[in-house]
Amino acid sequence: MKKVTIIKIGGNIIDSPTELEQFLTDFSKIEGYKVLVHGGGKSATKMAQSIGLVPQMIEGRRITDAPMLDVVVMIYAGQINKHIVAQLQAKNNNAMGFSGADGNLIQSAKRNHPTIDYGYVGDVKEINTTLLGTLLENGIVPVFCAITHDKNGQLLNTNADTIASELAITLAGFFDVTLTYCFEKQGVLSDSEDDASVITEINEVLYSKLKAEKIIHSGMIPKLDNCFNSLSRGVQQIKIGHHSMLQNPDVQHTTIIL
């Protein structure tokens, strides 16, 4: 079975030109089929604040009204996505940038929550596996931003961790999939002030305990929720940590297990 490596990078890597350059160098050296998914939350927040919008977050997820949607589409699908694609092309990776609307690759439904109005936020419902497989088999490196659509003309802001997870789950039916979440830390920390306090392995029981003790909170919650969902649905391996582990597997990181 052919292997696919899916990497998701967060805003702190994107916001640092030096970190982004090193990550893309490491990513470009990965052999075989690969997919990159990026967020960009801090860039969107800065842009929103510069035009007088007040960003709102609930448990690491952005509330997205119509003006905020315009900002995230501009930043995620435009500035960040095309910058990354251009840099990967410079590193001889035939990258192509996508939102979920392009080629109907990722279709979502507007979130319907009983108590919270998330606005124009989407939950992934369907992935165009045929087209995605064709892209990979033709040597394309897909680069997905955190924007999807509902097939009725509406773009939707969608959690990038979730997109990476759903892509991994879908491709796991056809490939041996490794899912890696890269950010600025070495892994999930037991003490957010101590970069050396990496939790090297987390299962569901430990995760529940760490959440209850507020050791794991905010944006790490949806990330780990997605990890356990992916493992339960066929993804073979999930790692969280610094991008240096892409070329050096001995670098300390967190492995998620059932």
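For the structure, check the block above.
Throughout, a residue's number is its position along its own chain's written sequence, starting from 1. Only residues with pLDDT of at least 70 get local features here, since the model is predicted, and only at 80 or more are side-chain atom pairs given and counted; chain-wide, interface and lining totals rely on the full set of residues. Working from all heavy atoms in the structure, the side-chain values ignore hydrogens and water.

1. Describing the overall build of the protein
Quick reminder of the rule: A run of DSSP states H or I qualifies as a helix once it reaches four residues; a run of E qualifies as a strand once it reaches two. Both are numbered from the N-terminal end. In this description the radius of gyration comes from C-alpha coordinates, and the expected globular size is given by 2.2 Å times residues to the power 0.38. Burial classes: relative accessible area under 20% of the type maximum marks a residue as buried, over 50% as exposed, and values in between as partly exposed (1.4 Å probe, protein chains only). Contacts were defined at the residue level, with two residues in contact if any of their heavy atoms lie within 4.5 Å. For every accessible area listed, the method is Shrake-Rupley and the probe measures 1.4 Å; residues are considered covered only by the protein chains on display. Only four residue types enter the tally: Lys and Arg on the positive side, Asp and Glu on the negative side, with His and both chain ends excluded. For charged residues, the charge sits on one atom: NZ in Lys, CZ in Arg, CG in Asp, CD in Glu.
Along the protein, the regular secondary structure elements total 8 helices and 14 strands. Taken against the 2.2 N^0.38 rule, which gives 18 Å for 258 residues, the C-alpha radius of gyration of the protein at 17 Å falls within 12% of a compact globule. Put simply, the protein has 258 residues, and 52% of those count as buried. In the protein, the share of contacts with a sequence separation of at least 24, taken over all contacts with a separation of at least 6, comes to 70%. With an accessible surface of roughly 11,700 Å², the protein has 49% of that area assigned to carbon and sulfur atoms. Averaging the locations of the 22 positively and 27 negatively charged side chains of the protein gives two centres separated by 3 Å.

2. Quick look at the pattern of salt bridges
For the record, the criterion: Any Lys or Arg side-chain nitrogen located within 4 Å of an Asp or Glu carboxyl oxygen qualifies as a salt bridge.
Evaluated as defined, the whole model comprises 7 salt bridges. Among the ionic pairs, D161 bridges to K8, the shortest N-O distance being 3.0 Å. Placement of D161 in helix α6 (residues 160–171) and of K8 in strand β1 (residues 3–9) is noted, with a sequence separation of 153 residues between them. With a relative accessible area of 8%, K8 lands in the buried category. If you follow the salt bridges from partner to partner, you end up with K8, D161 and K223 in one network.

3. Things to note about the pairing of strand β8 (residues 141–144)
Put simply, side chains in a regular strand alternate between the two faces of the sheet. Formally: Here, any two strands with at least 2 DSSP bridges between them count as paired.
Where burial is concerned, the two faces of β8 agree: the one with V141 and V143 and the one with P142 and F144 are both buried. One ladder, built from 2 bridges, connects strand β2 (residues 33–38) with β8; its direction is parallel. Its bridge partner lying in β8, V37 is registered against F144. Pairing geometry for strand β5 (residues 95–98) and β8, over 4 bridges, is parallel. What sits directly across from G97, in β8, is V143.

4. Some words on the side chain of T158
Here T158 lies in the loop between β10 (155–157) and α6. Not counting chain neighbours up to four residues away, the residues in contact with T158 comprise S108, G122, V124, A146, T148 and I163.

5. Quick look at α6
For clarity, the cut-off: By definition here, a helix of n residues has an expected span of 1.5 Å times n minus one. Pairs of N or O atoms within 3.5 Å make up the polar contacts considered here, provided that, within protein, one atom can donate a hydrogen while the other can accept it, and that residues adjacent in sequence are counted only when both atoms are side-chain atoms.
In this model, α6 (12 residues) spans 16 Å end to end at C-alpha, consistent with the 16 Å of a helix rising 1.5 Å per residue. Across the 12 residues that make up α6, a large majority, 11, are buried. The backbone nitrogen of D161 lies 3.0 Å from a side-chain oxygen of the residue at the head of α6, namely N159.

6. Description of the packing of aromatic side chains
Two numbers describe a pair of aromatic rings. These are the distance of the centres and the angle of the planes. Heads up, the condition is: Put simply, two rings from Phe, Tyr or Trp (the six-membered ring, in Trp's case) pair if the centres are within 6.5 Å, and we call them stacked under 30 degrees between planes, edge-to-face over 60, tilted for the rest.
Following the criterion strictly, the structure yields 4 aromatic pairs and no others. Their ring planes at 80 degrees and their centres at 5.7 Å tell us that Y33 and F175 sit as a pair that is edge-to-face. With Y33 in strand β2 and F175 in the loop between α6 and β11 (176–182), this pair connects stretches of sequence that are 142 residues apart. Under the relative-accessibility criterion, Y33 is labelled buried at 17%. Given a relative accessible area of 7%, F175 falls into the buried group.

Function cannot be read off these values alone, since they describe shape.
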